[in-house]
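Remarks on the overall topology
Here's the letter readout for the chains.
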Amino acid sequence: MAEEKDTIEVHVNVEITTTSLQSIVENAKKITGRNEKGHYRVDTADKVSRMISRFLLENDFEGYVKDITNY
């Protein structure tokens, strides 16, 4: 089981590649599928937020920012 972390939500601008964004949108559509009218009902901005947040937690962003040589 993953360790619980005390987190807060911070709204920021993040620079990512267009390929990364395209991949998130394509995969979100594949997972969600179309509704009865043939439309995709997925909040891709929320998916981007979740993907980045998960990446930061899994890859020790906390340790990275504690290291003064990274500034």
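Reference entry: report on the structure contained in this document. This is a predicted model, so every value here is computed, not measured.

Some thoughts on the overall build of the protein chain
In terms of helices and strands, the protein chain carries 3 helices and 0 strands. Helices and strands in the protein chain line up, N terminus first, as α-α-α. For the protein chain, the C-alpha radius of gyration of 16 Å lies well beyond 11 Å, the compact-globule estimate for 71 residues. Seen through its C-alpha atoms, the protein chain measures out along the principal axes to roughly 50 × 30 × 20 Å. By residue count, 4% of the 71 residues in the protein chain fall in the buried class. Of the accessible surface of the protein chain, which amounts to about 6,900 Å², a share of 52% is contributed by carbon and sulfur atoms. Looking at charge distribution, the protein chain has the averaged site of its 10 positive side-chain charges lying 12 Å from that of its 13 negative ones.

Some details on the environment of His 11
Locating His 11 in the fold gives a position in the segment before helix H1 (18-32). Residue class for His 11 comes out exposed when judged on its relative accessible area of 70%. Counting along the chain gives 38 residues from His 11 to Ser 49, while the straight-line C-alpha distance between them is 9.4 Å.

Focus on helix H2 (residues 44-58)
Two residues of an α-helix separated by three or four positions point the same way, owing to the 3.6 residues in each turn. Its 15 residues give H2 an end-to-end C-alpha distance of 21 Å, which sits within 8% of 21 Å, the value for a rise of 1.5 Å per residue. Two to three positions downstream of the cap, the backbone nitrogen of Ala 45 sits 3.2 Å from a side-chain oxygen, assigning the N-cap of H2 to Asp 43. Phi turns positive, to about 55°, at Asp 60, one or two residues after H2.

Quick look at the packing of H1 against H2
For any two helices packed against each other, one specifies the crossing angle of their axes together with the interaxial distance. With their axes 10 Å apart at the nearest point, H1 and H2 run at an angle of 115° to one another. Classified by the interaxial angle, the pair formed by H1 and H2 is roughly perpendicular. In terms of crossing hand, the pair formed by H1 and H2 is right-handed. Where H1 abuts H2, its residues Leu 21, Ile 24, Val 25 and Ala 28 lie against Thr 44, Lys 47, Val 48 and Met 51. The residue makeup of the contact of H1 with H2, split by class, is 6 nonpolar, 1 polar and 1 charged.

Conventions adopted
Residues numbered from 1 in each chain as written. Predicted model: local features only at pLDDT ≥ 70, side-chain atom pairs only at ≥ 80, totals over all residues. Heavy atoms only, no water. Helix = DSSP H or I, 4+ residues; strand = E, 2+ residues; numbered from the N terminus. Rg over C-alpha atoms; globule rule 2.2 N^0.38 Å. Buried < 20%, exposed > 50% of the residue type's maximum accessible area, 1.4 Å probe, protein only. Areas by Shrake-Rupley, 256 points an atom, 1.4 Å probe, with all protein chains shown as cover. Lys, Arg positive; Asp, Glu negative; His and termini not counted. Charge placed at Lys NZ, Arg CZ, Asp CG, Glu CD. Expected span 1.5 Å × (residues − 1). Polar contact = N/O pair within 3.5 Å; in protein donor to acceptor, adjacent residues only side chain to side chain. Axes fitted to C-alpha atoms, helices over the stretch in contact; angles between N-to-C directions. Parallel < 35°, antiparallel > 145°, perpendicular 65-115°, else oblique. Left-handed = near helix turned anticlockwise from the far one by under 90°. Contact = heavy atoms within 4.5 Å. Nonpolar A, V, L, I, M, F, W, Y, C, P; charged D, E, K, R; others polar.

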